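# Architecture at a glance
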Amino acid sequence: MDKEEIDEYGRPYPPKCGKYRIPHVAADAIVLRKHAEDDYHDILLITRGIEPSKGCLAFPGGHIDYNEAPEHACIRELEEECGIKGTEPELFTVRGEATRDPRKHMITIVYSVTVDPDAEYKAGDDAATAEWYNLKEIVDNKTEKDFAFDHHSILTEFISKKLTVY
């Protein structure tokens with residue numbers, strides 16, 4: 001490839017749309033369930049089954065399809081990757097650092113999503129596993145390198161802004 005076709009991070013530029021290069025957009029779901037006996041939480045995470053970040057923990061999520069609303073994409077991706085239906089997506093944050101995904105410039109729209117805490121779940125699509133994890137144990141024992149993309153920092157921000165007990 002010509003030098004002009006590679007961005008400053010070593011990735012191929014997307015094709016131009018008119019005179020602009022448009023970043024890709026994804027939607028991710030933060031899904032918590034509260035313990036019945038106390039105020040602590042579990043979090044639903046996938047283990048990525050594909051590169052990049054194969055084997056790392058991640059929020060369920062993925063690319064937004066053309067003509068699809070971001071909140072619908074979030075719910076669709078949750079169902080595809082975890083086999084669980086989500087409701088009430090609430091916007092939490094938008095991230096778009098150029099280096100957050102090694103493949104391309106990817107903006108993500110992150111929602112907090114409600115699910116039936118007793119619903120059955122199973123890994124699907126590009127998720128190797130889908131599991132409920134004790135949120136406190138994840139925070140205490142996992143680091144940025146254990147998570148895909150910037151999901152660790154998003155989780156840290158979510159906890160600091162939304163939870164008094166985790």
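The rules behind each value
- Residues numbered from 1 in each chain as written.
- Predicted model: local features only at pLDDT ≥ 70, side-chain atom pairs only at ≥ 80, totals over all residues.
- Heavy atoms only, no water.
- Helix = DSSP H or I, 4+ residues; strand = E, 2+ residues; numbered from the N terminus.
- Rg over C-alpha atoms; globule rule 2.2 N^0.38 Å.
- Buried < 20%, exposed > 50% of the residue type's maximum accessible area, 1.4 Å probe, protein only.
- Contact = heavy atoms within 4.5 Å.
- Areas by Shrake-Rupley, 256 points an atom, 1.4 Å probe, with all protein chains shown as cover.
- Lys, Arg positive; Asp, Glu negative; His and termini not counted.
- Charge placed at Lys NZ, Arg CZ, Asp CG, Glu CD.
- Salt bridge = Lys/Arg side-chain N within 4 Å of Asp/Glu carboxyl O.
- Pairing = 2+ DSSP bridges.

### Details of the overall build of the chain
On a plain count of helices and strands, the chain comes out with three helices and nine strands. What you see in the chain, going N to C, is helices and strands ordered as β-β-β-β-β-β-α-β-β-β-α-α. What you see for the chain is a C-alpha radius of gyration of 17 Å, in line with the 15 Å of a compact globule of 166 residues. Principal-axis analysis of the C-alpha atoms places the extent of the chain at approximately 60 × 35 × 30 Å. Each of the 166 residues in the chain was classed as buried or not, and the buried ones make up 42%. Relative to all contacts within the chain whose residues are 6 or more apart in sequence, the contacts with residues 24 or more apart total 66%. Accessible surface for the chain amounts to roughly 9600 Å². Of this, 49% is attributable to carbon and sulfur atoms. Seen as two clouds, the 21 positive and the 34 negative side-chain charges of the chain have centres 5 Å apart.

### With respect to the pattern of salt bridges
Taken as a whole and assessed by the stated rule, the structure comprises 16 salt bridges. One salt bridge in this structure joins Arg-95 and Asp-150, with 3.6 Å as the shortest N-O distance. Separated by 55 residues along the polypeptide, Arg-95 in strand β7 (residues 86–95) and Asp-150 in the loop between α2 (135–141) and α3 (151–162) bring together distant segments of the chain. Side by side, Arg-95 and Asp-150 carry an identical accessibility label, which is buried. A network of salt bridges, in which partner residues are shared, links Asp-65, Glu-68, Arg-76, Glu-77 and Glu-80.

### Quick word on the pairing of strand β8 (residues 106–115)
By the criterion of burial, β8 is predominantly enclosed, with seven of the ten residues buried. In terms of strand pairing, strand β3 (residues 24–34) meets β8 through eight bridges, oriented parallel. Residue pairing for β8: Ile-30 is matched across the bridge by Ser-112. Relative to β8, β7 runs antiparallel, the two being bridged by seven bridges.

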